[in-house]
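Remarks on the overall topology
Residue strings, one per chain:
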Amino acid sequence: MNYQSTRDKSTRLSAAQAIAQGLARDGGLFVPASIPTLPKGAIAKLCAMDYRGRAEYVMSFYLDGFSGSELKAFCTSAYSDNFDDPAIAPVHSTDGITHYLELWHGPTCAFKDMALQMLPHLLTASLEKTGDKREVCMLVATSGDTGKAALEGFRDVQRTKIFVFYPKDGVSDVQQLQMTTQAGENVGVCAVRGNFDDAQTGVKKIFSDTALRKELNARGYFLSSANSINWGRLLPQVVYYISAYCDLVNNGTIRSGDEIDFCVPTGNFGDILAGWYAKRMGLPVKKLICASNKNDVLTEFIRTGVYNKNRQFYTTVSPSMDILVSSNLERLLFELSGKDDKLVASYMDDLFSKGCYTVTDEIRAAVADEFACGCCSEEETESSIAAIMKEHGYLIDTHTAVAAAVLKKYRAETGDMTPAVVVSTASPYKFSNAVLSALGQRTDLDGFEQISRLSELTGTKAPAPLASLRGRPVRFDGAVDKEDMLRTVDDFLS
Ligand SMILES: *Cc1c(COP(=O)(O)O)cnc(C)c1O
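Residues numbered from 1 in each chain as written. Predicted model: local features only at pLDDT ≥ 70, side-chain atom pairs only at ≥ 80, totals over all residues. Heavy atoms only, no water.

Remarks on the site of the ligand
Contacts to the ligand come from 15 residues, most closely from Lys-112, Asp-145, Gly-267, Asn-268 and Thr-425. At 3.4 Å from an oxygen atom of the ligand is found a side-chain nitrogen or oxygen belonging to Ser-320. Protein coverage of the free-state accessible area of the ligand, which is 390 Å², stands at 96%. Tallied by class, the residues present in the shell around the ligand amount to five nonpolar, seven polar and three charged. (Near = heavy atom within 4 Å. Polar contact = N/O pair within 3.5 Å; in protein donor to acceptor, adjacent residues only side chain to side chain. Areas by Shrake-Rupley, 256 points an atom, 1.4 Å probe, with all protein chains shown as cover. Nonpolar A, V, L, I, M, F, W, Y, C, P; charged D, E, K, R; others polar.)

Here you go:
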């Protein structure tokens, strides 16, 4: 399987090259030159496997140049007792047609673990294969979940280092503690005085600093990003869509061949795009429902074909979906335009220069054929948490609640009662404050009190990685101005 760039389809790279490089030189994203289809009988075969086997089987279609035993070793190590559920990505049903795919049983309690427990294996193997002798330093600006998941994924992985910047006043108490107490010999964490945008802009500047790049190269380092633009982060996510389908077949909820919907809380469009790849591989999916919070840029795009980031940015209780530019949409546009790389490049130019682009009627229709969409207010997010707790005794987080609320509206509007899987992306304990508020509780508690209170109130158990934060020594209490971020990275790597 070769990989090509969304802005120049004549580019041809191996899987290892695409993963090692991350982003194409022309600024485009790497996509597989063709999308493999599941052979006849594959679903039956997959139904009989555990999550590790499913991951190995699905990923093998995309990773020419990686041996079966290599992939088996990666899957065994990425998905084992670092997850607190042996199913890794279990499905919880609240009624006969509504199912929650729980992707937060990993070490950081959010779905980014599904990919970031795998990416270090894929990346280090790719560097071996491409003969790159340098060490890689992952550089991350995070609004909360990605930074911690990347730290856990890369900690003490040989030939790698990782440095994370987070906005000083932009993450929850629990998220901050998760990062400042991070273990590992090759990790660094630092707060930036400013908001997420400041941190992200600072990181982009570091990436484009040629003097630093030269200097680091001389020291035997290069910088890479753990964002979902890397194919090695997207691919592991294709697996859980197929796995959820198999689980529903296995427990008799659906018959093999039946169509289902997926409703996905969306930010950067990485998660839902992985679902689209699963659909293209032949998984019987009817609609992929793209759920947004108050930041509804994707809802407008799917309805009108206009992507316009010139709009108010809202800070919401589902912060991991607070985003104006959904990078992975570029991959979908490439595929649905019939691989029209020039057209995609012109859209991305327009986005950069004007903050807006309008796709052709053909592309708009192709998007609408496979995707439905919806957005919801903060009140709807909260009342969705309360209603599902009341009706089903099932506790969900704020991001999952956005998807649950959008699914409910979608069903009411369309009458489509296809069995649907809501992709559940974070443990409710990670956003205890907002979840407590949704349940009508006090919110003036500190991070640990919130966790205890939520546990008492709902009779559920806090995930061990969060409960054990209490009493952990803080290792990284530094904070810098955004002007000093580059020097901080330089020091870290000297
Ligand atoms: C990152 C994240 C999302 C959004 O996923 P995308 O791939 O960016 O669309 C949703 N929920 C949670 C909890 C997240 O951490």
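What follows picks up the thread again.
Examining the pairing of strand β10 (residues 260-265)
For β10, the buried fraction is high: six of the six residues fall into the buried class. Along β10, one buried face is formed by Ile-260, Phe-262 and Val-264 and the opposite face, lined by Asp-261, Cys-263 and Pro-265, is buried too. Pairing geometry for β10 and strand β11 (residues 285-292), over five bridges, is parallel. Bridging across to β11, Phe-262 finds its partner in Leu-288. Handedness of the β10-helix α12 (residues 270-280)-β11 crossover: right-handed. Sheet analysis places β10 next to strand β15 (residues 420-424), joined by three bridges and oriented parallel. Bridging from a neighbouring strand, Asp-261 pairs with Ala-420 of β15. (Buried < 20%, exposed > 50% of the residue type's maximum accessible area, 1.4 Å probe, protein only. Helix = DSSP H or I, 4+ residues; strand = E, 2+ residues; numbered from the N terminus. Pairing = 2+ DSSP bridges. Right-handed = clockwise from strand over helix to strand, strands pointing away.)

Considerations on the sheet that holds strand β4 (residues 91-95)
Taking strand neighbours across the sheet as the criterion, the six strands line up as β4-β5-β15-β10-β11-β14 in an open arrangement whose pairing is mixed. The open sheet has two free edges, formed respectively by β4 and β14 (371-375), since each of these has just one partner strand. The mean angle between the axes of side-by-side strands here comes to 25 degrees, regardless of whether they run parallel or antiparallel. Set on the sheet, α12 makes contact with β10, β11, β14 and β15; between it and β11 the angle comes to about 175 degrees. (Axes fitted to C-alpha atoms, helices over the stretch in contact; angles between N-to-C directions. Contact = heavy atoms within 4.5 Å.)

Purely geometric stuff here, so don't read any function into it on its own.
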